[in-house]
Amino acid sequence: MRPQPFRRRLERLLAPADVRIDGDRDWDLQMHDPRLPTRLLAQGSLGLGESYMDSWWDARSLDGLLYHLLDARIDERVRGIADVLDAIRAQVQNLQSRSRSFLIGERHYDLGNDLYAAMLGARLVYSCGYWRQARSLDEAQEAKLDLVCRKLGMQPGMHVLDIGCGWGEALKFAAQRYGVSGVGVTVSREQAEFARRLCAGLPIEIRVQDYRELDDKFDRIFSIGMFEHVGVKNYRRYFDVARACLADDGLFLLHSIGNNVSQYRTDPWIARYIFPNSMLPSAAQIAQAVEDLFVIEDWHGFGPDYDRTLQAWRDNIEAAWESLPAYDERFRRMWRFYLAGSMASFRARRIQLWQLVLSPHGVRGGYDAPR
């Protein structure tokens, strides 16, 4: 069949989002390949991301275009075969089992410390900053780390656990500012090597270890931007481990991206190119998983801060691409689509950023939540 009818179908699909093909506004889609309408209509979000990587289309404001699509929920009107297959696979497999837990480290976090150092700023913190009073990315990340420590009431001499410690910045901050000792676990060998160098001379141990192998006791536990890799089939086990490792009078802070609705898989493009086997929890899924294990002392949402954090990361990486020759143009377009899609998702309030403070038995007299 001729491609023209498919273009008209695509135009009708995009109309509720106020997006035009070859329009003159920043968020309009500029089509470079006439096969694009057929591909998008057949493949949905996977086709949208892959065709952008293949340079079949552009937009002057990529995050602006994706925001319009997500805000109008166009993604819910086109489902490719990858959506169906991923849904079936998620139902029959535990995609985040212990045997598969190191895949995310190999595929994403081991891409290269040069990439993340260029993007993340002075502190290698790969999670949402706290912009309440901050004027820069570095200030926002320091404010977030301090907020975590204040929410946990950290005191000198405490022994703390960081589940998913990344490059070690949070533990370093807590040890230097609050006088604690700690253990950090990660499934990325690149991160672990960096974190050990970063925390040299401090009372901090960095392990390459799956969270299910933990059996130590700690006064405080925090987990920043790792829960998105746990998976709904493992949520209860995750909180079982945290509870077993936490002192009876301790506190646990969970910092995670969250979904407005309960789902059992992630977007197929994200799963294939960015975060394999990832999954965003809903409030209902978290609440069910902590029942009879923890008292929820505080639930703090600041999702719009992630849009601003991602914009800062985009500015950093765009300024640094020429100094990173190992990454070709297709990778750069993939990374741009990832960052822009994340911005758009938070801006449209399709996803959230939560910090929960949990206690084993409830804080006597009540918990006064810092902000």
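Residues numbered from 1 in each chain as written. Predicted model: local features only at pLDDT ≥ 70, side-chain atom pairs only at ≥ 80, totals over all residues. Heavy atoms only, no water.

**Overview of the sheet that holds strand E5 (residues 204–208)**
Thought 1: Spatially, the 7 strands line up as an open sheet ordered E5-E4-E3-E6-E7-E9-E8, and their pairing is mixed. Strand pairing shows two members of the sheet lacking a second neighbour, E5 and strand E8 (295–301), which therefore form its edges. Across the sheet, the mean angle separating the axes of adjacent strands is 15° when strand polarity is ignored.
Thought 2: The pairing of strand E3 (residues 159–163) with strand E6 (residues 218–224) spans 3 bridges and is parallel. (Pairing = 2+ DSSP bridges. Helix = DSSP H or I, 4+ residues; strand = E, 2+ residues; numbered from the N terminus. Axes fitted to C-alpha atoms, helices over the stretch in contact; angles between N-to-C directions.)

**Quick notes on the pairing of E5**
Thought 1: By the bridge criterion, 5 bridges tie strand E4 (residues 181–186) to E5 in an arrangement that is parallel. Looking at E5, one finds that Gly182 is bridged to Ile204.
Thought 2: With helix H9 (residues 189–198) bridging E4 and its parallel neighbour E5, the resulting β-α-β unit is right-handed. (Right-handed = clockwise from strand over helix to strand, strands pointing away.)

**Here's the deal with the packing of helix H13 (residues 304–320) against helix H14 (residues 329–347)**
Thought 1: The N-to-C vectors of H13 and H14 enclose an angle of 160°; their axes lie 8 Å apart at closest approach. Between H13 and H14, the angle falls in the class roughly antiparallel. Here the hand of the crossing between H13 and H14 comes out left-handed. For the pair H13 and H14, contact is made by Tyr306, Asp307, Leu310, Gln311, Trp313, Arg314, Ile317 and Glu318 and by Trp335, Arg336, Leu339, Ser342, Met343, Phe346 and Arg347, respectively.
Thought 2: Counted by class, the contact of H13 with H14 contains 8 nonpolar, 2 polar and 5 charged residues. (Parallel < 35°, antiparallel > 145°, perpendicular 65-115°, else oblique. Left-handed = near helix turned anticlockwise from the far one by under 90°. Contact = heavy atoms within 4.5 Å. Nonpolar A, V, L, I, M, F, W, Y, C, P; charged D, E, K, R; others polar.)

**Quick word on the packing of aromatic side chains**
Thought 1: Going through the model one piece at a time under the given rule, you end up with 29 aromatic pairs.
Thought 2: Note on Tyr211 and Tyr238: the rings are 5.3 Å apart at their centroids and 65° apart in plane angle, and the pair reads as edge-to-face. Taken together, the residues span a long stretch of sequence, with Tyr211 in the loop between E5 and E6 and Tyr238 in helix H10 (residues 235–245) at a distance of 27 residues. Taken individually, Tyr211 and Tyr238 each receive the classification buried, so the pair is uniform in this respect.
Thought 3: Ring centres of Tyr327 and Phe331 lie 4.8 Å apart, and the angle between their planes is 35°; on these two criteria the pair is classed as tilted. (Phe/Tyr/Trp six-rings, centres within 6.5 Å; stacked < 30°, edge-to-face > 60°. Buried < 20%, exposed > 50% of the residue type's maximum accessible area, 1.4 Å probe, protein only.)

**A closer look at the environment of Arg347**
Thought 1: Mapping Arg347 onto the fold places it in helix H14.
Thought 2: Relative accessible area serves as the criterion here: at 28%, Arg347 is assigned to the partly exposed category.
Thought 3: Engagement of the side chain of Arg347 in a polar contact is seen with the side chain of Asp307, the distance being 2.8 Å. (Polar contact = N/O pair within 3.5 Å; in protein donor to acceptor, adjacent residues only side chain to side chain.)

**Here's the deal with the nonpolar core**
Thought 1: Residues Trp57, Tyr126 and Trp335 are the most contacted members of the largest nonpolar core, which totals 69 residues.
Thought 2: Counting residues per element, this core draws most heavily on H14, which supplies 10 residues.
Thought 3: When near neighbours in sequence (up to four residues on either side) are disregarded, Trp57 contacts Leu29, Gln30, Met31, His32, Leu36, Leu48, Ser51, Tyr52, Leu62, Leu65, Arg333 and Phe337.
Thought 4: Ile163, Val183, Leu246 and Phe252 belong to the second-largest nonpolar core, a separate cluster that totals 29 residues. (Core = buried A, V, L, I, M, F, W, Y, C linked by side-chain atoms within 4.5 Å.)

**Some points on the pairing of E6**
Thought 1: Counting buried positions along E6 yields 6 of 7 residues, so the element is predominantly enclosed.
Thought 2: The pairing of E6 with strand E7 (residues 246–259) spans 6 bridges and is parallel. Considered in E7, the bridge of Ser223 is made with Leu254.
Thought 3: The β-α-β motif built from E6, the intervening H10 and the parallel element E7 has right-handed crossover chirality.

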